[in-house]
Amino acid sequence: QLQLQESGPGLVKPSETLSLTCTVSGGSISSSSYYWGWIRQPPGKGLECIGSIYYSGSTYYNPSLKSRVTISADTSKNQFSLKLSSVTAADTAVYYCARRYSSSWHYNYWGQGTLVTVSS
Amino acid sequence: DIQMTQSPSSVSASVGDRVTITCRASQGISYWLAWYQQKPGKAPKLLIHAASTLQSGVPSRFSGSGSGTEFTLTISSLQPEDFATYYCQQANIFPPTFGQGTKLEMK
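Residues numbered from 1 in each chain as written. Chains lettered and ligands numbered in written order. Predicted model: local features only at pLDDT ≥ 70, side-chain atom pairs only at ≥ 80, totals over all residues. Heavy atoms only, no water.

Asker: Help me understand the interface of chain B and chain A, please; the structure alone is not making it clear to me.
Answerer: The accessible area lost on association of the parts is a frequent measure of interface size. Opposite the 19 residues of chain B that make contact, chain A presents 20 residues. Roughly 1600 Å² of surface becomes buried between chain B and chain A when both sides are summed, with 67% attributable to carbon and sulfur atoms. Taken together, chain B and chain A are joined by 0 salt bridges. If you look at where chain B meets chain A, you find 6 residue pairs in polar contact (both at pLDDT 80 or more). When residues of the side of chain B that touches chain A are traced back to their parent elements, those giving at least two are strand S4 (33-38), strand S5 (45-49) and strand S9 (85-90) of chain B. For the side of chain B that touches chain A, the element with the highest residue contribution is S4 of chain B, accounting for 3 residues. Taken together, the residues of the side of chain B that touches chain A sort by class into 12 nonpolar, 5 polar and 2 charged. (Contact = heavy atoms within 4.5 Å. Buried area = accessible area lost by both parts, 1.4 Å probe. Salt bridge = Lys/Arg side-chain N within 4 Å of Asp/Glu carboxyl O. Polar contact = N/O pair within 3.5 Å; in protein donor to acceptor, adjacent residues only side chain to side chain. Helix = DSSP H or I, 4+ residues; strand = E, 2+ residues; numbered from the N terminus. Nonpolar A, V, L, I, M, F, W, Y, C, P; charged D, E, K, R; others polar.)

Put into structure tokens, the structure is as follows:
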């Protein structure tokens, strides 16, 4: 059974860089069938796609965040990571990692999510 | 970006009721629409993709229809575990975008 687990600091200071890692078990991020992505949800609000990565390193970033986002993959550890720079309070959200088929933009497996709060 | 608008924003219903939620896209997306269910404190769960294809393991009381710009999610006979928030997502053009959500509450 595929499982995704987010990890990283729950508190980040304004102007610093948010860093999260998603560890995948029960499947390989090196599969040619899938992209691995990040989605976030501010408290009490809706969902926003941040971006996704293919095992080869090919990435898609939401244009609204592109200047601040880096998604990378470590196939040897079966992990992929998110870095979001210059964070503000508006970046406070639950961050989910998830998997989608390379041929579609919907996500069929999700991690449980991790809350990241931006505050001094 | 394609804007997705759901209606209603909230709905009250009883166990056994039939409920329909509508999702409209700001431009045509063919049948590239997904529906998710989210319960408090949990990750979204994929229910339907390609507008009407039921995800494996999802009960058959859930169904989806539509194409182009207008889509619907129908729950034929509400069960207690169905009270949750539902989101549509266009899966046609990057970046994928979600509706604002429809909260299904118990009457």
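Following the structure, the description resumes.
Asker: Where do I start with the sheet that holds strand S1 (residues 3-7) of chain A in this structure?
Answerer: In a beta sheet, neighbouring strands are held together by backbone hydrogen bonds and run either parallel or antiparallel to one another. Residue and element names in this part refer to chain A. Strand order in the open sheet formed by 4 strands is S1-S3-S8-S7, and the pairing between neighbours is antiparallel. Edge strands, defined here as strands with exactly one partner in the open sheet, are S1 and strand S7 (69-74). On average, each strand axis in the sheet is inclined to that of its neighbour by 20°, with strand direction left out of account. Pairing analysis gives 5 bridges linking S1 to strand S3 (residues 18-25), with the strands arranged antiparallel. (Pairing = 2+ DSSP bridges. Axes fitted to C-alpha atoms, helices over the stretch in contact; angles between N-to-C directions.)

So, to be careful, I would describe these as geometric facts and stop short of saying anything about function.
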